[in-house]
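Observations on the three-dimensional arrangement
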Amino acid sequence: MKARSFLLAVAATVVLLLTTALGLWWAMAQQSPLKIVGQPLVLPRAARFVPRNASLSLHWLADPGRMPAYAQAVAPVSRRRKARDSTQQLRDGAFALAGLDFVGELADWIGPQVSLSLFAPVSDAPAGWVLALTSLDQDGAKRFLQRFWQTRSLAGTDLQISRYRGMGVISGRGALLGQDPQPIATALIDDDLLLIASGRGVLEQSLDVSQLDALHQLGDEALVADLQQLGRGAALLTADPVAMATWLGMPRSISDDDDLVGLVAALEPKGTALDLDAVLRFRQPLGGSGTGGLQSQSLMRSAGGSASALALLSDPAGLLSPHDQDPVAQWLAPVLEETLQTLGAEGASAVVGLDAGPLLWKQGEEGWLLGTSSDQPGLEAVDADLQVKGLVRSALPSDGSALEVWTRLARQRQRGEASLQAQLAVALERESGQDWWGQTLDALTTRQDHSALEPRLDQLRALQDDGAAPLAQQLALATEPSRAQLQKWRPWSLIQSVAGRPLLPAVHELALAVGTDQEEGSGEEGDGQAGSHRLRLRAQLRFG
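The structure contained in this document is the topic of the report that follows.

Definitions and cut-offs
Residues numbered from 1 in each chain as written. Predicted model: local features only at pLDDT ≥ 70, side-chain atom pairs only at ≥ 80, totals over all residues. Heavy atoms only, no water. Buried < 20%, exposed > 50% of the residue type's maximum accessible area, 1.4 Å probe, protein only. Helix = DSSP H or I, 4+ residues; strand = E, 2+ residues; numbered from the N terminus. Pairing = 2+ DSSP bridges. Axes fitted to C-alpha atoms, helices over the stretch in contact; angles between N-to-C directions. Parallel < 35°, antiparallel > 145°, perpendicular 65-115°, else oblique. Contact = heavy atoms within 4.5 Å. Nonpolar A, V, L, I, M, F, W, Y, C, P; charged D, E, K, R; others polar. Core = buried A, V, L, I, M, F, W, Y, C linked by side-chain atoms within 4.5 Å.

Judged by how many residues are buried, strand β18 (residues 473–477) sits mostly within the fold: 4 of 5 residues are covered. One ladder, built from 4 bridges, connects strand β11 (residues 309–313) with β18; its direction is antiparallel. Looking at β18, one finds that Leu310 is bridged to Ala476. Relative to strand β19 (residues 507–516), β18 is paired through 5 bridges, and the arrangement is antiparallel. Within β19, the residue paired with Leu475 across the bridge is Leu512.

This is the structure:
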């Protein structure tokens with residue numbers, strides 16, 4: 001009997017310890033900064049106050065208070081403090097744009113969802129904005145409003161208190177001491193949702209659209225469908241064509257397209273990387289650009305050598321065609337042409353301009369390397385183009401096989417004596433089903449080192465969606481090219497201004513993929529036309 005009582009006591013103790021440990025683990029998991037990732041992408045309640053025709057909207061679905069801790073948790077040990085400080089400054093700077101002190105005014109009550117919407121200017125009125133903040137409790141937002149308006153009233157702001165659509169609205173024109181007066185208005189919804197706007201008129205517009213499902217984002221079935229397709233994310237971004245050009249730096253070749261409806265994008269942090277998955281909607285069906293999936297995969301398996309840049313293009317000749325009206329072609333053609341001119345590589349221009357794809361393009365210390373299928377482009381067509389440019393074709397024996405090389409005679413003077421020397425422009429190595437065109441012989445030789453290319457291939461694999469065909473055009477950049485591209489992107493300059501410090505030193509890699517959405521159901525229903533109405537864009541920015 002005593003033994004039985006002892007065993008029951010031991011069992012009860014074990015159960016109690018396990019229950020306590022499980023409770024502590026659950027509590028720690030709930031407070032963990034890593035909890036902000038992997039969330040389903042859903043429209044927050046604040047979307048009811050965002051018009052469908054808002055120029056730009058951003059719904060941040062992760063707790064802004066945990067962002068610095070998350071950055072610190074995933075950063076390398078040597079950079080954890082800097083990562084936390086940079087993220088905190090970026091967060092605080094973003095709220096400071098609306099005249100808010102995150103640490104002093106918001107940190108103790110703000111909830112995990114923050115929404116911002118920008119309104120296009122009407123007539124002579126400037127663009128307006130509405131910021132929606134959720135409250136952790138029903139008293140937090142009330143206390144903030146009391147302090148907020150009391151402080152500004154003491155600074156000389158004239159307050160107007162009224163009701164609009166049954167909700168209390170406070171507005172005024174003023175600011176804290178030492179700042180320029182700016183119009184601002186607030187409304188508290190159900191005690192736990194606070195709207196802060198750049199003026200009373202903008203705030204009333206948000207309250208108006210909340211009354212009809214046909215006007216606000218929460219009732220937008222097309223937007224909900226896009227969210228289901230995108231899946232997960234910590235933030236949701238929408239933009240009309242004007243905002244895509246003005247705020248997101250989208251090329252005019254796409255933003256000025258009359259068929260473009262707008263953009264819907266999901267942002268999701270993944271460790272030290274930030275993923276973007278976006279859908280661009282068009283009114284008319286887009287031309288279906290094939291991916292050349294099997295051939296592209298074969299080229300990737302056969303490629304090698306270290307690379308600062310790696311690209312997979314489905315139809316480079318089509319991209320460079322002046323008659324192609326596809327948005328992707330109009331976007332990438334100028335970039336492709338500029339790259340070819342910068343390289344000054346006449347051999348690469350000949351191959352790329354004649355290749356119907358798929359084409360693998362690798363740029364490394366040994367020069368460029370192009371991989372194509374054996375019949376695209378035809379050898380004779382490339383030879384004819386190179387002969388026009390003054391290059392001579394010949395065979396070069398190499399390890400039991402013959403390389404095709406194109407050279408140009410150049411005059412050189414050594415020790416006062418003139419001589420002629422053949423300068424290599426293009427070398428071609430042919431193997432079963434594939435042609436490899438190199439700027440140098442070393443570019444062909446290093447291709448056998450497949451492990452050296454793994455960092456770039458890993459970037460491209462990270463852009464692929466499980467079970468879906470890869471997007472048609474793909475690009476992976478190492479550190480220096482990534483920083484060079486971001487430095488030219490205007491939104492990056494704005495982000496650094498908000499952060500108050502340069503962020504480029506933290507950038508490690510950048511990858512991008514774009515193509516017609518191949519998933520079923522991506523076209524607009526009921527149009528009776530073939531082809532997708534959506535362009536899919538994926539990008540990943542990795543921080544070191």
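And the narrative resumes.
Even without being glycine, Asp190 reaches a positive phi, approximately 55°. Inspection of the secondary structure puts Asp190 in the loop between β6 (182–189) and β7 (193–197). You can call Asp190 exposed: its relative accessible area is 57%. Positive phi is not limited to glycine here, since Asp191 has a value of about 70°. Along the chain, the position of Asp191 falls in the loop between β6 and β7. On the basis of relative accessible area, Asp191 is assigned to the partly exposed category, the value being 27%.

Moving on, we get to the packing of helix α3 (residues 80–96) against helix α18 (residues 490–499). The interhelical angle for the contact between α3 and α18, taken along N-to-C directions, is 95°, at an axis separation of 7 Å. What the angle tells us is that α3 and α18 run roughly perpendicular. Taking contact as the criterion, the partners of Gln89, Leu90, Gly93 and Ala94 in α3 are, on α18, Ile495, Val498 and Ala499. Partitioned by chemical class, the residues of the contact of α3 with α18 number 5 nonpolar, 2 polar and no charged.

A few words now on the nonpolar core. Core analysis: the biggest nonpolar cluster contains 46 residues, and Met244, Leu263, Leu280, Trp361, Leu370 and Trp437 have the highest contact counts within it. Here this core takes 6 residues from helix α12 (residues 327–343), the largest share from any one element. Excluding residues that lie within four positions of it along the chain, Leu280 makes contacts with Met244, Met250, Ile254, Leu260, Gly262, Leu263, His533, Arg534, Leu535 and Leu537. Of all hydrophobic cores here, the second largest spans 18 residues; its members include Leu100, Phe102, Trp109 and Ile196.

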